[in-house]
Amino acid sequence: MEFRHLGRSGLLVSEISYGNWITHGSQVEEEAATACVRAALDTGITTFDTADVYAGTKAEEVLGRALKGERREGLEIFTKVYWPTGPGRNDRGLSRKHIMESINGSLRRLQTDYVDLYQAHRYDYSTPLEETMEAFADIVHSGKAHYIGVSEWKASQIRAAHALARELRIPLVSNQPQYSMLWRVIEAEVIPTSEELGVGQIVWSPMAQGVLSGKYLPGQPPPAGSRATDEKSGAGFIASWLSDDVLTRVQRLKPLAEQAGLTMPQLAVAWVLQNPNVSSAIVGASRPEQVHDNVKAAGVKLDADLLKAIDEIVEPVTERDPAKTESPAQRP
Ligand SMILES: NC(=O)c1ccc[n+]([C@@H]2O[C@H](COP(=O)([O-])OP(=O)(O)OC[C@H]3O[C@@H](n4cnc5c(N)ncnc54)[C@H](OP(=O)(O)O)[C@@H]3O)[C@@H](O)[C@H]2O)c1
């Protein structure tokens, strides 16, 4: 495993992190979830990403149990707040009330005294940014989180939050956006602003939820046990990637991966890590073999000719519009 600084902070994170969205507490049984976490630890992953909302709060519990007994100082545990965690009108968003209640719930479920990074899972247009940042400051100053991050925030929102964080003397060090060969919307605005401010990207769905592994074939039913067959939640999230045009182009990447001596999953993860503003790629996994495969992308350098050949194949189906970085206009 290789390690990078989280933005311009002193915190080192593994280039590849393990995330448990869709899987823990939902798509996969606890035994498989624990085996994936074990595989992550065995292959040198030290950074784990979850959220209060995943699997209706069950994902944090599963991760907490799977990491129990590990040396806490050897791990970086990240969680998030914003999406609804209960039926109440205040069980969501970035109000002071919800942030204070949610961090306590997350710590209890994760069985830890602090998280290394606490992230605003989206921008909340109905709460003053000052209120949110002051609540985050109290959390950092009370030792419940060491660093603050955001997720899917626009460049202007990151800039405003960063200015407040400086005033409040707390470290806002990261943004967590979607990023892959097929989804490059952060390149035009979010990345230049983040580079200037010393904010690093912890990118999600680097494999476009499994699509860039090449296992979904155009015109064929999805493979058994894959996310596209998970009717509980995965199938709905991956659906937009499963067009024949996307899948046909992904198949054309296979000879390029072979020439580079990489598997398709490794090529996809290595691709996001070529961007120096990316601090870590968060990969999901439904079985331990996937973790063993994916971690080999750490430290891989892709040459310019290969990157150009990839661009030529995927460009017509790649999204680059910075306006696609968005949060709900209304609190969900
Ligand atoms: N901040 C946000 O709003 C946000 C949103 C989404 C995700 N995230 C974070 O990002 C993490 C990763 O997201 P993601 O799970 O969509 O990432 P991903 O790495 O693009 O997709 C992971 C899925 O792809 C399949 N896969 C992984 N490795 C494979 C391999 N070697 N061969 C074949 N299939 C493979 C597995 O699904 P199957 O085996 O089931 O097909 C796995 O669960 C999440 O867990 C979460 O922590 C954050």
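Scroll up a little and you will see the structure.
What counts and how
Residues numbered from 1 in each chain as written. Predicted model: local features only at pLDDT ≥ 70, side-chain atom pairs only at ≥ 80, totals over all residues. Heavy atoms only, no water. Near = heavy atom within 4 Å. Polar contact = N/O pair within 3.5 Å; in protein donor to acceptor, adjacent residues only side chain to side chain. Areas by Shrake-Rupley, 256 points an atom, 1.4 Å probe, with all protein chains shown as cover. 1 Å grid on protein atoms, 1.4 Å probe; cavity = no way out; pocket = protein on both sides within 12 Å on 5 of 7 lines; lining within 4 Å. Sits in = over half its atoms within 2 Å of the grid points. Helix = DSSP H or I, 4+ residues; strand = E, 2+ residues; numbered from the N terminus. Nonpolar A, V, L, I, M, F, W, Y, C, P; charged D, E, K, R; others polar. Salt bridge = Lys/Arg side-chain N within 4 Å of Asp/Glu carboxyl O. Buried < 20%, exposed > 50% of the residue type's maximum accessible area, 1.4 Å probe, protein only. Core = buried A, V, L, I, M, F, W, Y, C linked by side-chain atoms within 4.5 Å. Contact = heavy atoms within 4.5 Å. Points joined across faces, edges and corners; volume = space filled by probe spheres on them. Pairing = 2+ DSSP bridges. Axes fitted to C-alpha atoms, helices over the stretch in contact; angles between N-to-C directions. Expected span 1.5 Å × (residues − 1).

*Asks:* I'd like a description of the site of the ligand, backed by residues and values.
*Replies:* In the vicinity of the ligand there are 35 residues, among which D49, S205, K215, R227 and S286 approach most closely. Between an oxygen atom of the ligand and a main-chain N or O atom of A208, the distance comes to 3.4 Å. G210 is positioned with one of its backbone polar atoms (N or O) 3.4 Å from an oxygen atom of the ligand. Contact with the protein chains hides 96% of the accessible area of the ligand, taken as 920 Å² for the molecule alone. The cavity where the ligand resides is the largest pocket. Contributing elements (two or more residues each) for the shell around the ligand: α1 (23-27), β10 (278-283) and α12 (288-294). Sorting elements by how many residues they give to the shell around the ligand places α12 first, with 3 residues. Of the residues assigned to the shell around the ligand, the class counts are 11 nonpolar, 17 polar and 7 charged.

*Asks:* Tell me about the pattern of salt bridges, and name the residues and values.
*Replies:* When the charged atoms of two side chains with opposite charge come close together, those side chains can pair. By the definition in use, this model includes 18 salt bridges. Where R38 meets D42, a salt bridge forms, and the shortest distance between an N and an O atom there is 3.4 Å. Of this pair, R38 and D42 both sit in helix α2 (residues 30-42), 4 residues apart, which is roughly one turn of that helix. The class of D42 is exposed, set by a relative accessible area of 53%. With its nearest N and O atoms 2.9 Å apart, the salt bridge here joins R159 to E196. Of this pair, R159 sits in helix α6 (residues 155-168) while E196 is found in helix α7 (residues 190-197), placing the two residues 37 residues apart along the sequence. Residue classification places R159 among the partly exposed residues on the basis of a relative accessible area of 37%. Among the ionic contacts, a cluster of salt bridges with common partners joins R184, E187, D311, E315 and R320.

*Asks:* Tell me about the nonpolar core, and please be specific about residues and values.
*Replies:* Grouped together as the largest cluster of nonpolar side chains are 90 residues, with contacts concentrated most on F48, Y118 and V211. Excluding residues within four positions of it along the chain, V211 makes contact with L182, Y216, I238, W241, L242, V246, L247 and V250. Grouped together as the second largest cluster of nonpolar side chains are 10 residues, L6, L117, I202 and W204 included.

*Asks:* I'd like to hear about the layout of surface pockets, residue by residue, with values.
*Replies:* By volume, the largest pocket is sized at about 950 Å³. As for the largest pocket, its lining consists of 45 residues, and the residues nearest its centre are W21, I22, S205, Q209 and R227. Taken together, the elements giving at least two residues each to the lining of the largest pocket come down to α1, β10 and α12. A total of 4 residues in the lining of the largest pocket trace back to one element, the largest contributor, which is α12. Within this model, the second largest pocket holds a volume of roughly 170 Å³. Along its surface, the second largest pocket is lined by R8, S9, H162, A165, R166, R169, I170, P171, L172, V173, L197 and G198. Among the elements of the structure, α6 and β8 (172-175) are those that each provide at least two residues to the lining of the second largest pocket. Among the elements that line the lining of the second largest pocket, the one with the most residues is α6, at 3 residues.

*Asks:* Report on the sheet that holds β8, specifying residues and quantitative values.
*Replies:* Sheet architecture is closed into a barrel: 8 strands sit in the order β3-β4-β5-β6-β7-β8-β9-β10, paired in parallel fashion. The mean inter-strand angle of the sheet, taken between neighbouring strand axes irrespective of direction, is 30°. Bridging between β8 and strand β9 (residues 200-203) involves 2 bridges; their strand directions are parallel. Along β9, the bridge assignment pairs N175 with Q201. The sheet contacts of α2 involve β3 (16-19) and β4 (47-49), and relative to β3 the element is tilted by about 165°. Each of β5 (76-81), β6 (115-120), β7 (145-150) and β8 is contacted by helix α5 (residues 129-141), which is oriented at about 155° to β7, the strand it contacts most.

*Asks:* Pulling in residues and values, what's your account of unusual backbone geometry?
*Replies:* Here E152, not a glycine, exhibits a phi torsion of approximately 60°, which is positive. For E152, the location among the structural elements is in the loop between β7 and α6. Looking at E152, the relative accessible area reads 7%, which means it is buried. If you check the backbone angles, S205 has positive phi at about 50° while not being a glycine. With respect to the helices and strands, S205 occurs in the loop between β9 and α8 (234-238). Among the residues examined, S205 registers a relative accessible area of 10% and is labelled buried.

*Asks:* Any chance you could break down α6 for me, citing the residues and the numbers?
*Replies:* For α6, which comprises 14 residues, the first-to-last C-alpha distance of 20 Å matches the rise-based estimate of 20 Å (1.5 Å per residue) to within 8%. Considered for burial, the residues of α6 that qualify are A155, Q157, I158, A161, H162, L164 and A165. Turning to α6, the residues buried within the fold contact α5, β7, β8 and α7.

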